[in-house]
Every structure is written in structure tokens, then in C-alpha cells.
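Each chain is listed here by its residues.
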Amino acid sequence: MPGPRRPDAPRLKLPAIHWENLANVLTPMAAIIASLAVGSLVIAMLKVNPVVAYGHLFRGAAGNLGQVTMTITNSIPLIFAGLAVTLAFRAGTFNIGGEGQLYMGALLAVWAGTALRLPLGVHVLAALACGAAGGAAWALVPGYLKARRGFNEVIITILMNYIAVWFVSYMVHSLLREPGWSPQTRQVLATARLPQLISGTSLHAGILLAIAAAVAVHFLLTRTGLGFAIRMVGSNREAARWAGIDVAKVTIITMCLSGALAGLAGASEILGVRFRLLDGFSPGYGFDAIAVALLGRTTAVGTIFGALFFGALRTGANVMQSATGLPVVAVYLIQGLVVLFMIAGTSMDVVRKLLAKRKEVAAGAGPVRGGAVG
Amino acid sequence: MLDLLGVVLSVDFVFASVRLASPLLLAAMGGLFSERAGVLSLGLEGMMLTGTLAAFLGSYYTGSPWVGLAIAMVCGGLMSLLYALACVTFRANQVVAAVGFNILALGATGLAFRRAFGITDKLHKAASFQPTPIPYLADLPVVGPMFFRHLPLVYVAFLLLPVVLFVLYRTTWGLKLRSVGENPLAADTLGVKVQAMRYAGIVICGVLAAAGGSLLSIGFISTFMEEMTAGRGFIAFAAIIFGKWTPVGAFLAALLFGAADALQLRVQALGINIPYQIMLLFPYLLTLCALVLVGKSQSPAALGQPYDKT
């Protein structure tokens, strides 16, 4: 892949604050605070004390070891799927087919976990690889159609989401169905399961893989020739083409990598939590992933935190519901508000203007990266 | 196979297809205004859901489904302003805006419903539309029970097609709207207010989608449930694509999706040996194949691109 090998030359002045990184932190923080504030008004209208409600939400998400590990476990598929969106977005491609890729990943992972007979260790890796391959294959179609035929990937991936969800449902009801009355697959064999990290909790080794994946995506984007090409294609396709980058090839490769990450989201959920596949097993991880990536300002590290926030909301919501009577859907409101506040914040560029002023004062620094969705 | 043919040709099936297609029709016709103005109508799901709840509450408190419908349309229009604000004024990525908007609508409707009725498992019922047979036509053999014994709003859904055709293709306003979706810069140069046209397209989309949503809560049945639209907004969105962004195409696609839904229900009931998942998947596969075979999609040229006035 052409291009200089290390686009982000290491900056040696370590103590210096990176103002663009600060913006990446401040904008999501402001969006979260604003949405919690608006949410508290709505909660107050429902005649519940918002402080009490948020207290229960927090207790439910992080009150004890069991709840903390549950939050982390629920974040694992969101980290993978969020990374999928982030990576594709950096190449200028909108992968909203995460849900479909996740289902295909889960399907192949459950097949490998139930049908193959492999030794301990090898089996789980094989099942994960199958999951990644399933997602990648499903993403190859929109990737190819966008890169070589000029189709809009948004429309193609939406259609393919439906096809995947119903196809997986069909497989669960027919070929992979466990004998018995309920439509579900058999459980994956013990050799194919992701090991538990802390006994007595739901936390499994998938979190290590998810963090490794985030590090890998970060490394890929900032330290490799392919990553440089991806970012170049993402910021200006024409310029990338003139610079001699095979834009179509980069788009297809990125889309497949993105699909593989989404596939791992499905595979990790199957091999680490559920052990079998049912109809509609995903509560929309593939769609939440878009909000997660947005909250993470489409950076690999930010995506982890975005996923943890969403995971915490979903986990805490149940405790909040049983303690205060506020329905679980209350957290949907907060999630939606976070996304809209991120849009407003990014659009109005409050932070970036502040940043520009700082730069004027500091007189001269690199260009501000416009990496955020929105 | 003969069983299946029997199902498809039955009066009952055609009646159900028309019925199930009508919410999709209203939403898809609304979505066209947004899409032809260059804004993805992925927010349809949230707009429909808003209408579903607002219609239910309106009808519940006033006892009149017509008032419910009116309130739904107003609320759908107001809610869609939020989507327009994000997509047009803030120039957000429209997919991201839609994701946020839809989940917000899900939360807001769920909370509003709880605010009104508290947490009970009791089924609350509101006054709903009653079938209105059209005089004389309803008495025709075969055709009468198929097409002329529906709810008033179902007729409206079908009569919307000529209206939309006229507005989009025979009025100056329609030309302006389409020009904004094809080439906003050129339209702007000619004095068309791009942002205003896009707002208008999105609000019309919200109003019609909410009307479609009201059919679910105070039309076919008379209650509300969280997430009641269950993806119908996205199906309406797919109908627009399948219909190549034309009113007639979207109309036929919505009918096809309605028929697929009706068929799936009947096939399941009869125990005919076609997996219903394959039938549910089929329209999407067909759309995908049609898009790929037809070649590059004939979407409005500026669809999904925010317009920066500066």
C-alpha cells in the first residue's frame, strides 16, 4: 500500500495537551450530561425523583461486582460492533449492516461450536474465526457493490440486515434446530466456549478480545500503510485516487474487516454468554453500535467508552425499573438524546471553535482532524 | 401448491393485503416527500411510532378516533421537526440522526404511555375507526368485500397516490422539491430555499407517517403497545427504494409488502410447508436483486447529502 509508513509522527513533547483529543473527550461528556439533565426533567414529570432514579440506575450498572461485570459483559458486543462502524466510517463508508453481519457471525459461530469436534482452545478460536468470516462475507457484498458498482452502501446494508435476520431465523427453525419443542439451536460444546474470567460472574474472555480488537484497530489506523490509505480514502476519495491509492480495493478490504468485527460481536455473545442461538437474540446491538461509535467520536479507544456507557444504561435500567417503576424504555430516551446532543455539539463545533482560539494563541499546530460522525 | 393458490385468490386474502398495506402506503407516500427533497426517510419508524401513540391518547381522552388522527398528524409533524433540525440545520449525517431520532421516539412514546396509564398490565382501549362500506360498491360481488369495506383511512391511503403524483409532478412546488433533492446548489442559485423545502418535505413525511401509525393503534385494533410499529417504518423505507423513488413504484411495493405480510399470516395458519421466514425475507432479497440488476440506483442525486449554504 502506498503512502508514508508513519503518518502520525511521534510527538516527543509528551506533557503537551492534545486539544483535539480533549475535544474528543469533552463533546461526549457534555452530550451525556445534557441528555441526563433533559432526562431528569422527563423523569420528574413522571413524578419520580430523578436523583433517586439515577441512583438506582447507577446501582444497577455498577453497584456491586456482579453488576459491574454484567455491564462489562453487555458492552462486549457493543465494543466489537462499534469498532466495526468506526473502522468503516474512517474509510468513508457507512456500515449500518452491523446487525446483519452480527447475525451471520453468530450463525457460523454456533455452527462451528456445535458441529465441529476440536480440542480445547483450538475449538473456540475456530468458532470465533468462523464468526468473523461470516460477518466479513456478509459485508463483502455491500463493500463490492459500493466500491465497484457505485451503490449506496446504506441502502444495501439495510436490505441485507433483514435478509440475514430472517435467514438466521429460518436456520434456527430448520437445519440447526435442536430436537424438541422450542426453536433454538443446540448449545455449543464446552470446548468452544469463551472461558469465564471471574467465577460466579458473567464476565468472559470476550472482553480481552474486544480490547485487543480496539488496540488493533487503533494500531491499524494510526501506524500502518493500510490505515493511512483508509483514512485518506475516508477524507477525500478523489485525492486518494490521484495519490495512487486503489480506492475500490481499500473500500472492500475495510468493509470486510468491519464485517469481521461485527461478526465477532455476534460470535462473542454466542460463545461467551448465550451458548445457543435463538430468534432475535440481539437487542439491536448492530444499530446501537452506530450511536456507540458516534459517542466515541469514531476513535477506537472512544468506542470502548461509548460501549461501556451504553452497556451500563441497559444493565442499570432493569434495577431502575424494579426500584422506581420507571420503565426500561426511559434509557432509550437518554440514548436518543445523547445521539442528538452529539450531533448538535459536533455541528455547532463549540469545542472546535474554542480549540481554534487556543491554536491562534499557541500560533501554529497541525490541522484539526474532523473525525466525528455528524 | 394448490392450497397456496387458493389462499392467494381468496377474498379474505386480498382484503387483508389491502388492509396491511395501508399503513405502509401512508408512510411510504410521506417518505417520498422527504427522499425527493434529498433527505433519507429512515426516521419514518420514529415518526410512525409517534403517530401510533398520539392517535391512541387523542382517541382515548376525546372518544373520537378522528380527533386522535388529527392529534397524531400534528404530533408527527412536530416530532419530525426534530429530525429536520438534525438533518437540515445541523447538517448531521442522516443515518446517525435517524438512529438517534428513532430510539428517542421509542423512549418518548414508552414514557408518555406510562405517564398516562402507570404501570399496569391492564389493556387500555380507545375508540377506534369502524369499517365504512362504500354505498353500492360494497355490495358488488367479490370486488366489494375485497376493496370497499375498509376503514376510512384505508381509502385515504389509496387515494393518496394520485394526489402525490399531482403534487410532485404537476405543481411548481413539486418541481422545486425535486430539484432540491437532485441538485441543491443549482436550485439555490435559482432562488429555491433549499433548507425550507427540505423542512417541508420532512414535515409532510412526519404527518403522513403518523397517520399511517394511527392505523395500528386506533384502526385495526384499539390499543397501544411499546414498539408497536415493529419495523414497519423501515419496511416503508424499503418500499420507496424498491419503487425506485417514484410514487407508483412505492405504491406497488407497499402493496407487495402488505400482501407478503398477509400471506405469511395465512400460510402459518394453514400449516403449508413454506418456511414463513423465507417469505418475509423474499421482498428484501427481491429488492436487493432488482437494485443490483437494474444497475446503479436511480435515487435522487443529492439524497443523504446535507446542503451547506455557505
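Owing to the predicted nature of the structure, the values given are computational and were not obtained by experimental measurement.

Conventions and cut-offs
Within each chain, residues carry numbers counting from 1 in the order of the written sequence. Here chains are named by letter from A upward and ligands by number from 1 upward, in the order in which they appear as written. Selection of residues for local features in this predicted model requires a pLDDT of at least 70, selection of side-chain atom pairs for listing and counting requires 80 or more, and totals for whole chains, interfaces and linings are taken over all residues. For helices the rule is a DSSP run of H or I covering at least 4 residues; for strands it is a run of E covering at least 2, with both sets numbered from the N terminus onward. Whether a residue is buried, exposed or partly exposed is read from the other C-beta atoms within 10 Å of its own C-beta, which are placed from the backbone; 20 or more gives buried, 12 or fewer gives exposed, and intermediate counts give partly exposed. Whether two residues are in contact depends on their C-beta atoms, placed from the backbone: they are in contact if these lie within 7 Å. Each radius of gyration reported is based on C-alpha atoms, and the globular scaling rule is 2.2 Å times the count of residues to the power 0.38. Three categories are distinguished: nonpolar for Ala, Val, Leu, Ile, Met, Phe, Trp, Tyr, Cys and Pro, charged for Asp, Glu, Lys and Arg, and polar for the others, with Gly belonging to the last. As used here, a nonpolar core is made of buried Ala, Val, Leu, Ile, Met, Phe, Trp, Tyr and Cys residues. They are joined through C-beta atoms within 7 Å. Here the expected span of a helix is defined as 1.5 Å times the quantity of residues minus one. In this analysis the local bend is the angle between axes fitted, respectively, to the seven residues ending at and the seven residues starting at the residue. Axis definition: a line fit to C-alpha positions, over the contact stretch in the case of helices; interaxial angles, taken between N-to-C directions, run 0 to 180 degrees. These descriptions rest on fixed angle ranges, namely under 35 degrees for roughly parallel, over 145 for roughly antiparallel, 65 to 115 for roughly perpendicular, and the rest for oblique. Two helices that cross are described as forming a left-handed crossing if the nearer one is turned anticlockwise from the farther one by less than a right angle, and a right-handed crossing if clockwise. For every residue, the predictor assigns a confidence score, pLDDT, that lies between 0 and 100.

When helices and strands are counted, chain A shows 14 helices and zero strands. Here chain A holds 374 residues, and 56% of them are scored as buried. Long-range contacts, defined here as pairs at least 24 residues apart, represent 79% of the contacts in chain A between residues at least 6 apart.

Broken down by element type, chain B carries 13 helices and zero strands. Start at the N end of chain B and walk to the C end: the helices and strands fall as α-α-α-α-α-α-α-α-α-α-α-α-α. Computed over its C-alpha atoms, the radius of gyration of chain B comes to 20 Å, within 12% of the 19 Å expected for a compact globule of 310 residues. Its C-alpha atoms give chain B principal-axis dimensions of roughly 60 × 50 × 40 Å. When each of the 310 residues of chain B is scored for burial, the buried share is 53%. In chain B, the proportion of contacts linking residues at least 24 apart, taken out of those at least 6 apart, comes to 76%.

Once that is clear, we can look at the interface of chain A and chain B. Taken residue by residue, the interface counts 43 residues in chain A and 38 residues in chain B. Among the elements of the structure, α1 (19-45), α5 (122-149), α6 (153-173), α11 (285-295) and α13 (329-348) of chain A are those that each provide at least two residues to the side of chain A that touches chain B. Among the residues making up the side of chain A that touches chain B, the classes are represented as 32 nonpolar, 10 polar and one charged.

Looking now at unusual backbone geometry. All names here are of chain B. Not every positive phi belongs to a glycine, and Glu227 is a case in point at roughly 55 degrees. Take Glu227: it is sitting in the loop between α10 (194-220) and α11 (232-242). Residue Glu227 is classed as partly exposed on the basis of its C-beta count, with 14 C-beta atoms lying within 10 Å. Here the phi dihedral of Lys244 falls at roughly 50 degrees; this positive angle occurs in a residue that is not glycine. Mapped onto the secondary structure, Lys244 falls in the loop between α11 and α12 (247-270). Here Lys244 falls in the partly exposed class, since 16 other C-beta atoms lie within 10 Å of it.

The subject of this paragraph is the nonpolar core. Within the largest apolar cluster, 231 residues are counted, with the highest numbers of intra-cluster contacts made by Phe80(A), Ala109(A), Leu261(A), Ala28(B), Ala239(B) and Ala254(B). With 15 residues, the single largest contributor to this core is α10(B). Discounting chain neighbours no more than four positions away, the residues touching Ala254(B) are Ala21(B), Leu24(B), Leu25(B), Ala28(B), Ala236(B) and Ala239(B).

All names here are of chain B. Taking 1.5 Å per residue, 19 residues should reach 27 Å; helix α7 (residues 152-170) reaches 27 Å between its end C-alpha atoms and fits that length. Along its length, α7 reaches its greatest deviation from straightness, about 35 degrees, at Leu159, and the proline Pro162 lies no more than four positions downstream. By the burial criterion, the buried members of α7 are Leu153, Val154, Ala157, Leu160 and Val164.

Before going further, it helps to spend a moment on the packing of α7(B) against helix α8 (residues 172-182) of chain B. All names here are of chain B. Closest axis-to-axis distance for the α7/α8 pair is 5 Å, and the angle between their directions is 75 degrees. Here α8 runs roughly perpendicular to α7, going by the angle between their axes. Contact with α7, carried on its side by Val167, Leu168, Tyr169 and Arg170, involves Gly174, Leu177 and Arg178 of α8 and no other residues of that element. Among the residues forming the contact of α7 with α8, the class breakdown is four nonpolar, one polar and two charged.

This brings us to the environment of Ser235(A). Residues and elements named next belong to chain A. Mapped onto the fold, Ser235 is located in helix α8 (residues 225-235). On the neighbour-count criterion, Ser235 (15 C-beta atoms within 10 Å) is partly exposed. For the pair formed by Ser235 and Arg90, sequence separation is 145 residues and the distance between their alpha carbons is 7.8 Å.

Residue and element names in this part refer to chain A. On the secondary structure map, Val52 appears in helix α2 (residues 50-62). A residue is classified by how many C-beta atoms lie within 10 Å of it, and Val52, with 14 of them, is partly exposed. Expressed as a C-alpha distance, the spacing of Val52 and Thr324, which sit 272 residues apart in the sequence, is 8.1 Å.

Looking now at α8(A). Given 3.6 residues per turn, any residue in an α-helix points the same way as the ones three and four places further on. Judged by how many residues are buried, α8(A) sits mostly within the fold: eight of 11 residues are covered. Along α8(A), the residues classified as buried are Gly227(A), Phe228(A), Ala229(A), Ile230(A), Arg231(A), Met232(A), Val233(A) and Gly234(A).

This part covers the packing of helix α4 (residues 65-89) of chain B against helix α5 (residues 94-117) of chain B. Residues and elements named next belong to chain B. Here α4 crosses α5 at 155 degrees, and the two axes come no closer than 9 Å. One way to sum up the angle between α4 and α5 is to call them roughly antiparallel. Judged by the twist between their axes, the crossing of α4 over α5 is right-handed. For the pair α4 and α5, contact is made by Met79, Leu82, Tyr83, Ala86 and Cys87 and by Gln94, Ala97, Phe101 and Ala105, respectively. In terms of residue class, the contact of α4 with α5 is built from eight nonpolar, one polar and no charged.

Averaged over every residue, the pLDDT of chain B is 88; residues scoring 70 or more account for 94%. Overall fold confidence (pTM) sits at 0.85, and the ipTM for the predicted complex is 0.86.

Residue and element names in this part refer to chain B. Following the sequence through the fold, Met73 ends up in helix α4. When the 22 C-beta atoms within 10 Å are taken as the criterion, Met73 is described as buried. As a C-alpha pair, Met73 and Ala211 span 138 residues in sequence and 5.8 Å in three-dimensional space. Sequence-distant contacts of Met73, that is, excluding residues within four places in its chain, are made with Val207, Ala210 and Ala211.

Interpretation of the predicted coordinates at a detailed level should be avoided for regions scoring low in pLDDT. Residues and elements named next belong to chain A. When pLDDT is averaged along chain A, the result is 86; 87% of the residues meet or exceed 70. Considering each helix and strand of chain A separately, the mean pLDDT is smallest for helix α14 (residues 350-362), with a value of 58, and largest for helix α10 (residues 247-274), with 96. Counting interchain partners and residues more than four positions distant, the pLDDT-below-50 stretch residues 1-5 has 11 contacts. Residue range residues 364-374 is modelled with pLDDT below 50. Its contacts to residues more than four positions away, or to other chains, number 25 contacts.

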